[in-house]
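Descriptive analysis of the structure
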Amino acid sequence: MNHSDNRTVNRAWWKEAVVYQVYWRSFMDANGDGYGDLQGLMQKLDYIKRLGIDVIWLNPIYESPDKDNGYDIADYYQIIPKAGTMEDFRKLLVKVHELDMKLIMDLVVNHTSYAHPWFEESRSSLDNPKRDWYIWKPGKEEGPPNNWRSYFEPSTWTYDEQTGEYYFHSFAKEQPDLNWENAELRQEIYRMMRFWLDQGIDGFRMDVINLLAKIPGFPDTEWPEHIDYLGNNPGIHDYLQEMNREVLRHYNIMTVGEIPFVTPEDGLLYVAEKRQELHTLFHFQVADDMPAWDLDRYRHIQATWHDAFRHEGWNSQFLNNHDHTRQVTRYGNDGAYRVQSAKLLATMIHTLPGTPYVFQGEEIGMTGVDFPSIDDYQDIAMHNKYREALEKGGAPDQVLRELQPLSRDNSRTPMQWNGEQHAGFTTGQPWIQINPNYAEINVERDLAAQDSIYAYYQRLISLRKMHNVMVYGDYADQSGGEAHVYAYTRSLEEETWLVVLNHSDVQQLYELPAPWQDRFQHARALLHNYDGPPAKDKVELGGTCLQLRPHEAVIYSIID
Ligand code: TEU
């Protein structure tokens, strides 16, 4: 079965790796200022290593006024004091490498902070040599140059009195976009990238990297609300191929692009091996466009990306990160079945084709939050959306309730290390409130229990080290139209894995597809999230069925 396609996928370390995302400001605070820091991360590297992690992705640690939690950089060559010093960074990198792990850094080059000296120069006069490093336009009929909206504001344009023109920003007005048409600017960015790579880092996660090229002429759009015009524009692949030629291909690194608004076919243009741009990408057909669990849609997304990528491109698998509500809360069950649900979602992410990502805290099943007041939220996107909705006449309580489920702060509350004060995250006042459930959900408890979510991740990740089928196996959907059961196989040479996932709060029967009925006699359960594999059941007329408990997940191995 599924052995029809004989072409092999090229092997690479970053395909076999499991990546752990460290949102450092919420990870571990070593100096008591209420923010996590690099020293704190160093204290916890063993914890990450013991999980089985190969690569750490570190969110931006560069100098910044911190309007968007570090995604507004004021100096690419300095560390923000909240995180630590350059010496801390160098020590961290040595320690990560000593533990035989790798470190990839966030690369934010679509925009800088408005406090970056380049922008200060650029805005100072019309003929400043750096004027053209950003995007400036005169207004139109007393208004902005066009009708586009930005991610975090009603317009992509902000008027600057000093020179009487507007500057362009895809995000907040404190984050002006760089003008990638300027060759001098591009060279300056490449120089900065080489600086970090020469420190010995192992790659980049590239922030909204498909936004670098803008639509020529900035024409008005018919649908300003659908902001997909911000990305995937003519010229983007020239920039990425130049970046690859100038910088990336000279290092043994991993690159993962954050690529919103992209179809599988266009996604392949960024990562097809022969095109030499990026290694892999995050697409957002799930995180941006599937607000709640929707199995049909998810299966369809997996199928279309798999079909488009096959042997030519490599995907990334994730359900949450620092921008998207924690997965058990958004896509699973964070109540009675939290533990099973967290294990099920992990099973899925790690057995689907692509490199899996673990967002800090996911490995203990941390949940989203529901703060009672807008003042409890810290996120600029949340505050801007709230203000905009109120200006349009929204009622404060209702607006808050509507924004809360997808607020980015859901996943930004601090790591819950133990049941003590501030969950063991800090001795000071945490920059954002701790999730009140920390007495029940914390690392200390998970490390003490053999059947914890953490222990399950360890077993799951160690399977990836032992079985290449989990990385390179061909994928085929075996769900057979089930409404709540997602089942699929991964096959490589004589080994096939069958993964069966019950995405519901009630028991489900899953009938094995006909070709599997006999071969299933030889199936061995490699991992399951309940004690003992599911019962088999012969139903009349049909063949063998599996009786799946709520949120039950099983990985079977079948050797020919
Ligand atoms: O994210 C891009 C972004 O706007 C995401 O919130 C979005 O939901 C999606 O993931 C892409 O469509 C990046 C960073 O991850 C985010 O934290 C920054 O605020 C943003 O860029 C600006 O740098």
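This structure is a prediction, so every number in the text was calculated from the model and none was measured.

Rules of the game
- Residues numbered from 1 in each chain as written.
- Predicted model: local features only at pLDDT ≥ 70, side-chain atom pairs only at ≥ 80, totals over all residues.
- Heavy atoms only, no water.
- Helix = DSSP H or I, 4+ residues; strand = E, 2+ residues; numbered from the N terminus.
- Buried < 20%, exposed > 50% of the residue type's maximum accessible area, 1.4 Å probe, protein only.
- Pairing = 2+ DSSP bridges.
- Near = heavy atom within 4 Å.
- Polar contact = N/O pair within 3.5 Å; in protein donor to acceptor, adjacent residues only side chain to side chain.
- Areas by Shrake-Rupley, 256 points an atom, 1.4 Å probe, with all protein chains shown as cover.
- Nonpolar A, V, L, I, M, F, W, Y, C, P; charged D, E, K, R; others polar.
- Expected span 1.5 Å × (residues − 1).
- Axes fitted to C-alpha atoms, helices over the stretch in contact; angles between N-to-C directions.
- Parallel < 35°, antiparallel > 145°, perpendicular 65-115°, else oblique.
- Left-handed = near helix turned anticlockwise from the far one by under 90°.
- Contact = heavy atoms within 4.5 Å.
- UniProt positions renumbered as here; feature names shortened; annotations may be inferred.

**Side note on unusual backbone geometry**
- Phi is positive for Asn 232, close to 60°, though the residue is something other than glycine.
- Relative to the assigned elements, Asn 232 resides in the loop between β9 (203-206) and α7 (236-246).
- A positive phi angle, near 55°, is found at His 551, a position not held by glycine.
- Along the chain, the position of His 551 falls in the loop between β20 (544-548) and β21 (553-559).
- On the basis of relative accessibility, which here comes to 5%, the residue His 551 falls in the buried class.

**Thoughts on the sheet that holds strand β7 (residues 157-160)**
- Spatially, three strands are ordered β6-β8-β7 in an open sheet, and the strand pairing comes out antiparallel. Either end of the sheet is taken by a strand with one partner, and the two such strands are β6 (136-137) and β7.
- Across four bridges, the pairing between β7 and strand β8 (residues 165-168) is antiparallel. Counted as the bridge partner of Trp 157 is Phe 168 from β8.

**Considering the site of the ligand**
- Lining the immediate environment of the ligand, one finds 18 residues, of which Asp 68, His 111, Asp 207, Asp 288 and Asp 323 sit closest.
- Within the contact set of the ligand, an oxygen atom lies 3.0 Å away from a side-chain nitrogen or oxygen of Tyr 151.
- The side chain of His 322 places a nitrogen or oxygen atom 2.9 Å from an oxygen atom of the ligand.
- Across the complex, the protein chains shield 97% of the 490 Å² of accessible surface that the ligand would expose by itself.
- Taken together, the residues of the shell around the ligand break down into seven nonpolar, three polar and eight charged.

**Remarks on helix α6 (residues 183-199)**
- End to end, α6 covers 25 Å across 17 residues, agreeing with the expected 24 Å (1.5 Å per residue, within 8%).
- Residues of α6 that are buried include every one of Leu 185, Arg 186, Glu 188, Ile 189, Tyr 190, Met 192, Met 193, Trp 196 and Leu 197, and no others.
- Its side-chain oxygen placed 2.9 Å from the backbone nitrogen of Glu 184, Asn 182 serves as the N-cap of α6.
- Immediately beyond the C-terminal end of α6, within one or two residues, lies Gly 200, with a positive phi of roughly 110°.

**What about the packing of helix α12 (residues 380-391) against helix α13 (residues 396-403)?**
- Across the interface, α12 lies against α13 with an axial gap of 10 Å and an inter-helix angle of 140°. The orientation of α12 relative to α13 falls into the category oblique. The crossing of α12 and α13 is right-handed. Between α12 and α13, the contacting residues are Met 382, Lys 385, Tyr 386, Ala 389 and Leu 390 on the first element and Pro 396, Val 399, Leu 400 and Leu 403 on the second.

**Brief notes about the pairing of strand β17 (residues 508-511)**
- Of the two faces of β17, only one is covered, namely that formed by Gln 508 and Tyr 510; the face formed by Leu 509 and Glu 511 stays uncovered.
- As judged from the four bridges shared by β17 and β20, these two strands associate in the antiparallel manner. Bridged to Glu 511 within β20 is Cys 545.

**Section: the UniProt feature "domain: Glycosyl hydrolase family 13 catalytic" (unreviewed entry) in the chain**
- As recorded in UniProt, the sites labelled "domain: Glycosyl hydrolase family 13 catalytic" (unreviewed entry) are residues 21-412.
- Its end C-alpha atoms 12 Å apart, residues 21-412 is made of 32% helix and 12% strand.

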